[in-house]
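Chain and residue survey
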Amino acid sequence: MVFASRVAYAYDRARAHPPEVSGQVAGAMAGEVSGVEDPVFLELGVGTGRIALPLIARGYRYLALDTSSAMLDVFRQKVAGVTRKVRILQADARDIPLEDESVDAVVVVHLWHLLEDWPRALAEALRVLRPGGVLLEGWDEAEASEDFRVQEAWRRFVAEEGVKVERGRHRRRLGQVEAALKELGLAPRTGVVARWTEERSLRQSLENIQERLYSFTWTVPEEVHHRAVVQLWAWAEAEYGDLDRTFPIPWRFVLRVTRLAL
Ligand code: SAM
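Computed from a predicted structure; not experimentally measured. (Residues numbered from 1 in each chain as written. Predicted model: local features only at pLDDT ≥ 70, side-chain atom pairs only at ≥ 80, totals over all residues. Heavy atoms only, no water.)

Describing empty space enclosed by the protein
- Applying the stated criterion across every chain yields a total of one cavity of 30 Å³ or more.
- The calculated volume of the largest cavity comes to roughly 40 Å³.
- In this structure, the largest cavity is lined by V108, V109, H110, L111, W112, E137, G138, W139, H170 and L174.
- For the lining of the largest cavity, the elements supplying multiple residues, two or more each, are β4 (103–109), β5 (129–142) and α7 (169–183).
- It is β5 that provides the largest number of residues to the lining of the largest cavity, a total of three residues.
- Its residues assigned to classes, the lining of the largest cavity comprises six nonpolar, three polar and one charged. (1 Å grid on protein atoms, 1.4 Å probe; cavity = no way out; pocket = protein on both sides within 12 Å on 5 of 7 lines; lining within 4 Å. Points joined across faces, edges and corners; volume = space filled by probe spheres on them. Helix = DSSP H or I, 4+ residues; strand = E, 2+ residues; numbered from the N terminus. Nonpolar A, V, L, I, M, F, W, Y, C, P; charged D, E, K, R; others polar.)

Structural data, given as structure tokens:
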């Protein structure tokens, strides 16, 4: 997926965490390097920096890696003024341009499911970690809400065009990565580090699908997506009437911590 600038900005707006959640997530990650002097973080697939910025604001050295120039452009603007300890690497997570054992923490949030050959990126993450370093994998999980109904309706319209959209890919991939870590003799531990409720309008849910902000939409051909979206708006208007009505989405942020042996 190549992100256009417009999509990078839309992604940044749609995926932002509330400030207290950003603080809780950063606090949980920072706690994992508390014994290390001036630790170095590396984030694979940093995107527009919603995880990185609160850590950078705490004064950590941060290596921000991503393949997408559009995402990195937004990140660069957001980080302007506090860049002294930030290095931007436009590079591939499967081929990290860093020395072995050169960072204290590798952060990976919502990336694994985008990489077919994720074992290469995982091997690279473990290669650049110092002994005693931590792999910090995070993800957002939502409970069922109207947003899910909107997504399901879009899937139905796409399916009627003969295109099947895979479900649960992100969760399956997280399970595969966990199994790979355990096979290496490592002991990942998983916990919820933040909970919050988002009020989202139906219009926003529809726009997120229309703009293809979710990776599950990326495999659908443009004409099929376009027709499904036209049907989706008509369905939503008939179903809900007022599209500016908001509904709650209960969220949690999950952190999986894997520490390498010293
Ligand atoms: N981690 C950020 C967050 O949680 O907000 C961004 C997540 S976004 C879903 C995935 C990011 O991974 C995008 O910015 C994309 O450009 C980047 N990406 C995709 N494939 C990549 C690869 N092979 N190497 C590095 N970054 C990649």
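So much for the structure itself; the text now carries on.
Things to note about helix α9 (residues 222–240)
- End to end, α9 covers 26 Å across 19 residues, agreeing with the expected 27 Å (1.5 Å per residue, within 8%).
- Along α9, the residues that are buried comprise V224, H225, A228, V229, L232, W233, W235, A236 and Y240.
- The inward-facing, buried residues of α9 abut α6 (146–160) and α8 (202–210). (Expected span 1.5 Å × (residues − 1). Buried < 20%, exposed > 50% of the residue type's maximum accessible area, 1.4 Å probe, protein only. Contact = heavy atoms within 4.5 Å.)

Regarding the packing of α6 against α9
- Closest axis-to-axis distance for the α6/α9 pair is 9 Å, and the angle between their directions is 135°. In terms of orientation, α6 lies oblique with respect to α9. For the element pair α6 and α9, the recorded crossing hand is right-handed. When α6 is examined against α9, the residues E146, R149, V150, A153, W154, R156, F157, V158 and E160 are found in contact with a partner set consisting of V224, H225, A228, V229, Q231, L232, W235, E239 and Y240. (Axes fitted to C-alpha atoms, helices over the stretch in contact; angles between N-to-C directions. Parallel < 35°, antiparallel > 145°, perpendicular 65-115°, else oblique. Left-handed = near helix turned anticlockwise from the far one by under 90°.)

Considering the packing of α8 against α9
- Look at α8 against α9: their axes get within 10 Å of each other, and the N-to-C directions meet at 170°. Accordingly, the angle class assigned to the pair α8 and α9 is roughly antiparallel. Within the contact between the two elements, α8 uses L202, R203, L206, E207, I209 and Q210 and α9 uses H225, V229, L232, W233, A236 and Y240.
- Considered class by class, the residues forming the contact of α8 with α9 number eight nonpolar, two polar and two charged.

Things to note about the nonpolar core
- Residues M29, F41, L136, W154 and L232 are the most contacted members of the largest nonpolar core, which totals 55 residues.
- It is α9 that contributes the most residues to this core, eight residues altogether.
- In contact with W154, other than residues within four places in its own chain, are V165, I209, F216, T217, V220, H225, A228, V229 and L232.
- Membership of the second largest hydrophobic core comes to 31 residues, among which are V40, W112, L122 and L135. (Core = buried A, V, L, I, M, F, W, Y, C linked by side-chain atoms within 4.5 Å.)

A word on α7
- Over its 15 residues, α7 runs 21 Å from end to end, which matches the ideal 21 Å to within 8%, given 1.5 Å per residue.
- Here α7 has its buried residues at R173, L174, V177 and L181. For α7, the angular spread of the buried residues around the axis is 105°, confining them to a single face. Across α7 from its buried face, at more than 90 degrees, point the exposed residues R171 and E183.
- Against α5 (118–128), β5 and β7 (246–259) lie the buried residues of α7. (Arc of directions from axis to C-beta.)

Things to note about the pattern of salt bridges
- As enumerated under the stated definition, the model contains 31 salt bridges in all.
- Two residues, E137 and R256, come together in a salt bridge whose shortest N-O distance is 2.9 Å. Separated by 119 residues along the polypeptide, E137 in strand β5 and R256 in strand β7 bring together distant segments of the chain.
- Judged by relative accessible area, which is 2%, R256 ranks as buried.
- Here E239 makes a salt bridge to R149, at a shortest N to O gap of 2.7 Å. With E239 in helix α9 and R149 in helix α6, this residue pair connects regions lying 90 residues apart in the sequence.
- Under the relative-accessibility criterion, E239 is labelled partly exposed at 39%. (Salt bridge = Lys/Arg side-chain N within 4 Å of Asp/Glu carboxyl O.)

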